[in-house]
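The residues making up each chain are set out below.
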Amino acid sequence: MSVDQQISEYYDKLLKRNAGEPEFHQAVSEVLDSLKIVLGKDPHYADYGLVDRLCEPERQIIFRVPWTDDEGQIQVNRGFRVQFNSALGPYKGGLRFHPSVNLGIIKFLGFEQIFKNSLTGLPIGGGKGGSDFDPKGKSDREVMRFCQSFMTELHRHIGEYRDVPAGDIGVGAREVGYLFGQYRRLSNQHESGVLTGKGLSWGGSLVRTEATGYGLVYLTQEMLKTHNESLDGAKVIVSGSGNVATYAAQKVQQFGGTVVAMSDSSGYITTPNGVDLELLRDIKENRRERIHVYAEECDGVEFVERGNIWEVPADVALPCATQNELDGDSAKLLADNGVRYVAEGANMPCTPEAIHFFQDSKINFAPGKAANAGGVATSALEMQQNASRDSWSFDYTDERLHAIMSNIFKNVEKTAKEYDREGDYVAGANIAGFKKVADAMLAQGVI
């Protein structure tokens, strides 16, 4: 049987076993496409049902989350934790609270997390979790009651040597605090390594808040260096205005670039002179307002309601909002407006059509499993600090993050060359991430 036939059989089987989960199908399809190269050169990776096992989570947990709102009404949400692969270490991956969350979304995120965590070089496996609960518009007390109910079930399945969740969309410092408080109450111990993204006074790590955005920019800078360019003087689009986008924008400006546009779900702002990050953070984090308020309070800024941020002329694009936000038509817009580098800050923000267009057009493209690995890398550094009862300085932790992201890019670039796909960072990331996990799985037998 040819390699193409093998991969086609794997994928057909996966579609039948996981019906109605398009995001999961998309994530697996991208990886399987890269594995054709690997299985052709190293056919032993097809032994012992390895690919089948890799695509099947070790454990999927779905549970009811009842909670009481401020009117005394009982609300019921659904909670998830998918523990996908622990060959390299304890499951590691965030919790997402958003109305769009379902099992397929969590499986796609968990599958991506396997390879992302592998690329960091740190001993962590892949997992993900969350709920269809929406924190927006909820009071602090409602969020607390939900988090306590969620953790009442989740605590049975996690631990610092078993599964270590963190934050994601909808789960910030407030939610992590409530979750950890309930875990501590139920376990009767201060097991600080059980969650990452904690407050600095109770086991958190410096740089963790900034890590995904900073790491994205560190890797983007490495990608530009291969063409003897840098972010200094570059015009950069950053979609989103949450944690990842905000700190990516900050690091871009520290490197001498200009962030010319940012967005949220209501539209985007054009910022030809760069972004006032203190004002943006005040509006989004403290006042919890929409991004149009920034345009109202800052001279020279235009707000475009429901517009397409990718129509803004720039050199670099950093999609940092959500999955499949940048489609094929938007990719063509970027190319027409001068963008030559794209790096994913969110999980799978570019559709397959967009990625194929970037590759065909020779636009340098760094996939999320490499480019946004800084968050989980620094989470693992937080775990190290918790295990040693230590606390590192901001500069030291940032240096570690910078080194990890630099090494990720070099590994991805080297792997792409080894498999005759020079410049194809999608293939490089998929293959490098896969091989480390696959070698561990083969060494540990059929389990």
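Residues numbered from 1 in each chain as written. Predicted model: local features only at pLDDT ≥ 70, side-chain atom pairs only at ≥ 80, totals over all residues. Heavy atoms only, no water.

K.L.:
Can you tell me about the pattern of salt bridges, naming the residues and giving the values?
P.N.:
Following the criterion strictly, the structure yields 23 salt bridges and no others. As a salt-bridge pair, Lys198 and Glu382 come within 2.6 Å of each other at their nearest N and O atoms. Highlighted residues: Lys198 in the loop between helix H6 (173-187) and helix H7 (211-225) and Glu382 in helix H14 (residues 374-387), separated in sequence by 184 residues. Its relative accessible area of 6% is what places Lys198 among the buried residues. For Glu382, a relative accessible area of 0% corresponds to the buried category. A salt bridge links Arg287 to Glu297; the nearest nitrogen and oxygen atoms lie 2.8 Å apart. Residue Arg287 is found in the loop between helix H9 (277-286) and helix H10 (292-297), and its partner Glu297 is found in helix H10; the two are separated by 10 residues along the sequence. On the accessibility criterion, Arg287 (33% relative accessible area) is partly exposed. Glu297 sits in the partly exposed class, given a relative accessible area of 42%. Because the salt bridges share partners, they merge into one network encompassing Glu30, Glu112 and Lys369. (Salt bridge = Lys/Arg side-chain N within 4 Å of Asp/Glu carboxyl O. Helix = DSSP H or I, 4+ residues; strand = E, 2+ residues; numbered from the N terminus. Buried < 20%, exposed > 50% of the residue type's maximum accessible area, 1.4 Å probe, protein only.)

K.L.:
Describe the sheet that holds strand E6 (residues 235-239), naming the residues involved and giving the relevant values.
P.N.:
The mixed open sheet is built from 7 strands, whose spatial order is E9-E8-E7-E6-E10-E11-E12. If you trace the sheet from one side to the other, it starts and ends with strand E9 (302-305) and strand E12 (364-366), each paired once. On average, each strand axis in the sheet is tilted by 15° relative to the strand beside it, whichever way the strands run. With 2 bridges connecting them, strand E10 (residues 316-319) and strand E11 (residues 341-343) associate as parallel partners. When the bridges of E11 are listed, Val316 appears paired with Tyr341. (Pairing = 2+ DSSP bridges. Axes fitted to C-alpha atoms, helices over the stretch in contact; angles between N-to-C directions.)

K.L.:
Account for unusual backbone geometry, with residues named and values stated.
P.N.:
Despite not being glycine, Asn228 shows a phi value in the positive range, around 55°. Structurally, Asn228 can be placed in the loop between H7 and E6. Using a relative accessible area of 76% as the deciding quantity, one classes Asn228 as exposed. Even without being glycine, Met348 reaches a positive phi, approximately 55°.

Coordinates in, geometry out; function isn't part of it.
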